Amino acid sequence: MRKTVVFAAAFAVVTTFMFGAAARMAGQSALPKPNKDTVLKAADIRAKLFPETVFFRGQSAPVQMRNTGGVHFADDFYVLAGMVDNSGYSTGIREKYQAYLLSEVTLQIGGQTLKAGAYGIGFLEGGRFVVMDLAANDIFQAASQRDAEMKRPVPLQVTAADGGKYRLYMGRDFVELSRTK
């Protein structure tokens with residue numbers, strides 16, 4: 001049974017990326033191709049770009065579309081994140097699984113390399129950030145930072161940082177990420 005669920009989840013992720021690639025090849029990207037890397041706010045992200053419901057650890061959960069963000073790269077690839085309603089999960093998973101990360105490119109996060117794919121992510125107590133596969137297994141943890149000077153924190157956002165890096169925030173906590181070349 002578990003193998004069937006994991007296979008179904010993997011099939012859904014691969015199919016999503018294949019259809020996205022096919023649409024891009026046909027010139028039907030969800031957003032117009034930008035001239036430069038562009039940070040996306042929640043208002044930019046619609047259901048055609050980010051699913052309203054995502055699969056993680058054996059069940060589907062709704063995405064809080066008002067709490068999404070990402071980057072649309074100049075070559076028309078995306079990195080997107082969205083908070084999820086994790087109320088249907090066990091306490092152990094809820095503590096770690098707070099958002100869903102979709103990436104069409106390989107990323108560098110806290111000195112760790114993350115291949116393109118779909119992941120569960122979260123900020124943990126003690127200044128840690130966790131990335132999990134769709135079966136809720138930790139892939140890695142990295143140090144997170146706290147931006148005490150942020151004037152108006154929001155539940156989730158992505159901002160530009162120096163040197164081609166971006167910050168993924170949940171409230172005042174953040175990790176820096178960058179695209180690998």
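Residues numbered from 1 in each chain as written. Predicted model: local features only at pLDDT ≥ 70, side-chain atom pairs only at ≥ 80, totals over all residues. Heavy atoms only, no water.

K.L.:
What is the right way to read the environment of Gly110 from this model?
P.N.:
Mapped onto the fold, Gly110 is located in the loop between strand S6 (107-109) and strand S7 (112-114). Taking the C-alpha atoms as reference, Gly110 lies 6.5 Å from Ala143; in sequence the two are 33 residues apart. Beyond its immediate sequence surroundings of up to four residues, Gly110 is in contact with Ala142 and Glu176. (Helix = DSSP H or I, 4+ residues; strand = E, 2+ residues; numbered from the N terminus. Contact = heavy atoms within 4.5 Å.)

K.L.:
Looking at this structure, how should I read the packing of aromatic side chains?
P.N.:
Remark: the centre distance and the inter-plane angle together describe each pair of aromatic rings, the angle taken between the planes. Within the structure shown, the criterion is met by six aromatic pairs. Here the aromatic rings of Phe56 and Tyr89 are separated by 6.2 Å at their centres, their planes lie at 65 degrees, and the arrangement is edge-to-face. Of the two residues, Phe56 sits in strand S2 (residues 53-56) while Tyr89 sits in the loop between strand S4 (78-84) and helix H2 (91-96), which places them 33 residues apart along the sequence. For the pair shown, Phe56 and Tyr89 are each scored as buried. A centroid spacing of 3.8 Å and a plane angle of 20 degrees characterise the contact between Phe56 and Tyr97, whose relative ring orientation is stacked. Of this pair, Phe56 sits in strand S2 while Tyr97 sits in the loop between H2 and strand S5 (99-103), placing them 41 residues apart in sequence. For Phe56, a relative accessible area of 0% corresponds to the buried category. Using a relative accessible area of 0% as the deciding quantity, one classes Tyr97 as buried. In this structure an aromatic cluster arises from ring pairing among Phe56, Tyr89 and Tyr97. Across from the ring centre of Phe73, 4.9 Å away, lies the NZ or CZ of Arg179, which sits over that ring. (Phe/Tyr/Trp six-rings, centres within 6.5 Å; stacked < 30°, edge-to-face > 60°. Buried < 20%, exposed > 50% of the residue type's maximum accessible area, 1.4 Å probe, protein only. Lys NZ or Arg CZ within 6 Å of the ring centre and 35° of its normal.)

K.L.:
How do you make sense of the pairing of S4 when you look at a structure like this?
P.N.:
Along a regular strand, successive side chains alternate from one face of the sheet to the other. In terms of residue burial, S4 counts as a mostly covered element, since seven of its seven residues are buried. Residues Tyr78, Leu80, Gly82 and Val84 of S4 are buried on one face, and the alternating residues Val79, Ala81 and Met83, pointing to the opposite face, are buried as well. Of the pairings in the sheet, the one linking strand S3 (residues 59-72) to S4 comprises six bridges and is antiparallel in character. Along S4, the bridge assignment pairs His72 with Tyr78. Joining the antiparallel neighbours S3 and S4 is a turn of five residues, in which Asp76 adopts a positive phi near 75 degrees. (Pairing = 2+ DSSP bridges.)

K.L.:
I keep staring at the pairing of strand S14 (residues 173-179) and nothing clicks. Help me out?
P.N.:
One ladder, built from three bridges, connects S6 with S14; its direction is antiparallel. Bridge pairing in S14 places Leu107 opposite Arg179. Here strand S11 (residues 145-146) runs beside S14; their pairing, made up of two bridges, is antiparallel. Residue pairing in the sheet places Gln145 in a bridge with Phe174 of S14. Two strands pair when backbone bridges link them, and strand S13 (residues 165-170) and S14 are joined in this way by six bridges, in the antiparallel orientation. Along S14, the bridge assignment pairs Tyr166 with Leu177.

K.L.:
Could you clarify how one ought to interpret the confidence of the model for the protein chain in this entry?
P.N.:
A low pLDDT means the predicted coordinates there should not be read in detail. Across the protein chain, the average pLDDT comes to 88, with 84% of residues at 70 or higher. Segment residues 4-27: pLDDT under 50, and 15 contacts once partners within four positions in sequence are set aside and those in other chains are kept. (pLDDT = per-residue confidence, 0-100.)

K.L.:
Looking at this model, I keep getting lost on the pattern of salt bridges. Mind explaining?
P.N.:
Two side chains bearing opposite charge may form a pair once their charged atoms approach each other closely. Following the criterion strictly, the structure yields five salt bridges and no others. Residue Asp173 pairs with Arg146 through a salt bridge whose shortest N-O separation is 2.8 Å. Of the two residues, Asp173 sits in strand S14 while Arg146 sits in strand S11, which places them 27 residues apart along the sequence. Residue Arg146 is classed as exposed on the basis of its relative accessible area of 57%. Between Arg167 and Asp147 there is a salt bridge, with its nearest N and O atoms 3.9 Å apart. Taken together, the positions of Arg167 in strand S13 and Asp147 in the loop between S11 and strand S12 (157-160) put the pair 20 residues apart, joining distant regions of the chain. Taking relative accessible area as the criterion, Arg167 reaches 24% and is therefore assigned partly exposed. With a relative accessible area of 17%, Asp147 lands in the buried category. A cluster of three or more residues bridged by salt bridges with shared partners is formed by Asp147, Arg167 and Glu176. (Salt bridge = Lys/Arg side-chain N within 4 Å of Asp/Glu carboxyl O.)

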